[in-house]
Amino acid sequence: MPEARRLLITGLVQGVGFRPAVWRLARQLELSGWVRNGPAGVEIQLQGQAGPLDEFVRRLPLEAPTLARIDSLEPRDSAPESCDGFSIQESRAGGPVATAIGPDLAVCPDCLAELFDPASRRYRYPLLACTRCGPRYTVTRRLPYERAGTSLAPFPLCPACASEYTRPDDRRFHAEATACPACGPGHRLLAADGQPLPGDPVAGALALLRQGGILAIKGLGGFHLACDARNPDAIARLRARKNREAKPFALLAANRASLAGWVDCSEAAARQLQSPARPIVLLPTLAEPETLFPGLAPGLAHLGVMFPATPLHWLLFHEAAGRPGGTAWTGTAQALLLVMTSANPGGEPLVSDNQEARERLAGIADACWLHDRDIVVRCDDSLIAAHGPFIRRARGFTPEAIALSHDGPDVLALGAYLKNAICLTRGRAAFLSQHIGSLDNAATLGFLEETVAHLLATLTVQPAAIAHDLHPDLPSTRLALELAERFQVPAHGIAHHHAHIAAVCAEHGVQTPLLGLALDGVGLGPDGGLWGGELLCLEGAHCRRLGHLKPLPLPGGDKAAREPWRMAVAALHSAGAANRVPAWLAGRYPGREPGPLLTMLAKGLNCPLTSSLGRLFDAAAALLGLRQVNQYEAQAAMELEALAWRHGPATALAGGYELNGGILDFRPLLLNLSTEDQPGRGAARFHATLAAGLAAWTRAAARREHLDTVALGGGCLQNALLAQQLGEQLTRSGLQVLLPRRAPPGDGGLALGQAWIARQRRPTPPNTETPPCA
């Protein structure tokens, strides 16, 4: 006897070709009924014999589209309906939203074949897309994911596109971002004065790049600035115009073959680069970057490399290759190599609007290649360390949910001051926003508020609590308290380094007690101190401080983070070697006057103490003569790591650290570096001794606390050499090591930890801060 069942499927099941997959499977099994998008997910009515119904439920998760993610599949008996075969119905609106929107994805092989097929109606059309690729998150205004709720709504489909859109057997069935030259957004090349340039935009864009010009290109989540990577003068002009003295740029190459001789691109790294997310991946260079591409990544041992993510990127390579037909050429080495950097002048948010580009990029870009598909929410490129963690999680991954181990209240977490990102939880999912940036200017604060509003609206969540950093003066804290007042919900202040370790716990679903090593820059501790090198014990939302690095003074406060030579002087003074400072300073940095700084240190004037590991890196780099002033955040530490990579393995310095109870003291190592005459050897020895000392410290705590698991978090874990050496030593000691993988270890993942802790705290009155890690 025929039966009827109703299925509700939640997860990433809209905008990925899920309904056509359901339609095909139902037809294969000769079932009748319908499928439709709803606010809670994909709804399916199935009718037929029990055997095929059971077979459908079994096979659907196995045959779902590659881009789909099924979080739950709930079948229940249903009353039969009058159905003529199996159909795809219009979406149903209303009710609480439990579905999600997918991230933006790189152009797929099928669309690429159309792009380069002279017989295709989409030949060289830079805005083609289908259910397997193209924009999702950055064009979506609301859920369910339908064209009317995206920035493609102003572009009605032509008959040919409408036919594809309504045919379930077509890969563009309900591809909400689909378009063609006849009905879709246009594109054009504008001169610096905003006037259209004559001729083919692609040919004009490539010609400008070959002449040494700087081109602004509108991509998926915002504009890039591009120039010829083989032209040092063009790179120098880009640096001067963007006011970016030394911070590294990324390199855009067509494929792996084009990187031969430049970087070491392993199979695993190639898979990351070629994935639909198309992140920037840090790859070790085969020579110093300055000898390969002068000005691209000065002083570093790795290059950020990316492959084309959009049809616009691919069309530049196609034009440079002479417009070959087909796609065979896309796998062969291409001579064109481009610098690609975010169009965010002055450290402000990424430019995403056409008018905004003409205004904010004037004086930087010589021309703008733009299109008419609006970017609803800006989203920067993701940056990943090869075989390591996220450094920046954004395009291609946002807003993918991070699964949580248990249900809890919906929480909005506002993150940190630097590298800000927010997190919103819903049920058993955490949605980490795209990279927002440092909250040091009004424009980025506006972007933070814009991101909060968009995420709350898209996921239709009203938070039950707000989480924020303990520091009362951070803009994110002030916004959190305003939101708590607006929603009349509790606000939870979360200790910075507790949140770093909690983010790792959230990723791994750990509720049992464990150790945490928070290795970071500076964050406010619950005692009001400046923490940053912490050994913690976590159990759920509870945290105990077991130990910390020996504090060093910060002469001049925040100025010490910008001027590493100050940290070097502070380290020598703290180690009782103040008498060495004048001779050391004269040898390393002639012209620096030590007197005023030594007086500050002797009297303790504006010299707060910090246990930060990040400032230890600054001191070491300055002691070795690498850098006295940072031109960008963490420059000294990054150059120190690069020098250690180039040197190769080293042994830890005997007696390079001391363990006194819960305090780990590396001052003996710093004293040794002050007399080291081979900076490369010193850099490698510094890393080896750090790893050895941190591992010994952790082993002692594990024995004392009877624990066998340690989570590693904090910005210093972006140092791949330290993470590798420390992880190996802890693993050899028999400890289970948990590392961040789906969220950045630094401040970009902090909001995940804040939300995870706040979900487990008991409700408190609005605008009250509960006691954090103590």
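Residues numbered from 1 in each chain as written. Predicted model: local features only at pLDDT ≥ 70, side-chain atom pairs only at ≥ 80, totals over all residues. Heavy atoms only, no water.

(A) Spotlight on the pairing of strand S23 (residues 530-539). With respect to burial, S23 is a largely interior element, eight of its ten residues being buried. Alignment of strand S22 (residues 514-524) against S23, held across eight bridges, turns out to be antiparallel. In the sheet register, Leu 515 faces S23, and the bridge partner there is Cys 537. Linking S22 back to S23 in an antiparallel pair, the connection comprises five residues, with Gly 528 at a positive phi of about 85°. Looking at chain direction, S23 and strand S24 (residues 542-549) are connected through six bridges and run antiparallel. When the sheet's bridge partners are listed, Leu 538 is paired in S24 with Cys 543. The antiparallel hairpin formed by S23 and S24 contains two residues in its connecting segment, where Gly 540 sits at a positive phi of about 60°. (Buried < 20%, exposed > 50% of the residue type's maximum accessible area, 1.4 Å probe, protein only. Helix = DSSP H or I, 4+ residues; strand = E, 2+ residues; numbered from the N terminus. Pairing = 2+ DSSP bridges.)

(B) View of helix H12 (residues 475-487). For H12, which comprises 13 residues, the first-to-last C-alpha distance of 18 Å matches the rise-based estimate of 18 Å (1.5 Å per residue) to within 8%. Listed as buried for H12 are Pro 475, Ser 476, Thr 477, Leu 479, Ala 480, Leu 483, Ala 484 and Phe 487. Those residues of H12 that are buried lie in contact with strand S17 (411-413), helix H11 (442-459), strand S20 (465-469) and strand S21 (491-494). After H12 finishes, the residue Gln 488 shows a positive phi value of roughly 55°. (Expected span 1.5 Å × (residues − 1). Contact = heavy atoms within 4.5 Å.)

(C) Summary view of the sheet that holds S20. What the six strands build is an open sheet, ordered S16-S19-S18-S17-S20-S21; its pairing is mixed. The open sheet has two edge strands, strand S16 (401-403) and S21, and neither has a second partner. Put simply, the sheet's adjacent strands are angled 25° from each other on average, direction ignored. Bridge count for S16 against strand S19 (residues 429-432) is three bridges, and the pairing is antiparallel. (Axes fitted to C-alpha atoms, helices over the stretch in contact; angles between N-to-C directions.)

(D) A look at the packing of aromatic side chains. A complete count under the given rule lists eight aromatic pairs for this structure. Ring plane angle 80° and centroid distance 5.8 Å describe the contact between Trp 584 and Tyr 589, whose orientation is recorded as edge-to-face. Taking the relative accessible area as the measure of exposure, Trp 584 reaches 8% and is therefore buried. Each member of the aromatic cluster is reached from another via a ring pair, and the members are Phe 116, Trp 314, Phe 317 and Trp 329. Sitting above the plane of the Phe 447 ring, Arg 378 keeps its charged end 5.2 Å from the centroid. (Phe/Tyr/Trp six-rings, centres within 6.5 Å; stacked < 30°, edge-to-face > 60°. Lys NZ or Arg CZ within 6 Å of the ring centre and 35° of its normal.)

(E) Expanded view of the pairing of strand S8 (residues 223-228). Burial within S8 is extensive, with six of its six residues counted as buried. Where strand S7 (residues 215-218) meets S8, four bridges bridge the pair, whose relative direction is antiparallel. From the neighbouring strand, Leu 215 faces S8, where its bridge partner is Ala 226. From the end of S7 to the start of S8, which pair antiparallel, there are four residues.

(F) Quick peek at the sheet that holds strand S15 (residues 390-392). Read from one edge of the open sheet, ten strands run S6-S13-S7-S8-S12-S9-S11-S10-S14-S15, paired in mixed fashion. Two strands in the sheet have a free side with no partner beyond their single neighbour: strand S6 (187-191) and S15. Taking the axes of each pair of neighbouring strands and ignoring which way they run, one obtains an average angle of 30° across the sheet. In the sheet, strand S10 (residues 280-284) pairs with strand S14 (residues 383-385) via three bridges, with the strands oriented parallel. Pairing of Leu 282 across the sheet is with Ala 385, part of S14.

(G) Molecular detail of the nonpolar core. Core analysis: the biggest nonpolar cluster contains 66 residues, and Leu 613, Phe 617, Leu 670, Phe 686, Leu 694 and Leu 726 have the highest contact counts within it. When residues of this core are assigned to their parent elements, the largest contribution, ten residues, is made by helix H21 (residues 679-705). Beyond its immediate stretch of four places on either side in the chain, Phe 617 contacts Ala 637, Leu 640, Phe 686, His 687, Leu 690, Cys 716, Asn 719 and Leu 722. Counting residues in each nonpolar core, the second largest holds 43 residues, with Ala 234, Ile 235, Leu 259 and Val 263 among its members. (Core = buried A, V, L, I, M, F, W, Y, C linked by side-chain atoms within 4.5 Å.)

(H) Seen up close, the confidence of the model for the chain. Residues of the chain with pLDDT of at least 70 account for 97%, and the chain-wide mean is 93. Note on residues 765-772: pLDDT under 50 across the span, and 26 contacts to partners over four residues away in sequence or across chains. (pLDDT = per-residue confidence, 0-100.)

(I) Region of the structure containing unusual backbone geometry. Cis peptide bonds are those with omega within 30 degrees of zero, and the linkage from Thr 398 to Pro 399 qualifies with 5°. Assignment of secondary structure puts Pro 399 in the loop between S15 and S16. The backbone phi angle of Asn 243 is positive, close to 60°, even though this residue is not glycine. Among the structural elements, Asn 243 can be located in the loop between helix H6 (232-242) and strand S9 (250-252). Accessibility expressed as a relative area gives 66% for Asn 243, which makes it exposed. Of note, Thr 460 is a non-glycine position whose phi angle comes to about 45°, a positive value. Residue class for Thr 460 comes out partly exposed when judged on its relative accessible area of 44%.

(J) Broad picture of the pattern of salt bridges. According to the stated counting rule, one finds 40 salt bridges in the structure shown. One salt bridge connects Asp 71 with Arg 69, and the closest N-O pair in it is separated by 2.8 Å. A residue is classified by how much of its surface remains accessible, and Asp 71, at 46% relative accessible area, is partly exposed. Residue class for Arg 69 comes out partly exposed when judged on its relative accessible area of 25%. Where salt bridges share partners, they join Glu 114, Arg 121, Arg 122, Glu 164, Arg 171 and Arg 172 into one cluster. (Salt bridge = Lys/Arg side-chain N within 4 Å of Asp/Glu carboxyl O.)

(K) Structural view of the side chain of Gln 434. Here Gln 434 is to be found in the loop between S19 and H11. What makes Gln 434 buried here is its relative accessible area of 0%. Within the structure, Gln 434 has its side chain in polar contact with the side chain of Tyr 137 (distance 3.2 Å). A distance of 2.9 Å separates the side chain of Gln 434 from the backbone oxygen of Arg 378, its partner in a polar contact. (Polar contact = N/O pair within 3.5 Å; in protein donor to acceptor, adjacent residues only side chain to side chain.)

(L) Main features of the environment of Leu 664. Relative to the assigned elements, Leu 664 resides in strand S28 (residues 663-665). For Leu 664, a relative accessible area of 1% gives the class buried. For the pair formed by Leu 664 and Leu 535, sequence separation is 129 residues and the distance between their alpha carbons is 9.7 Å.

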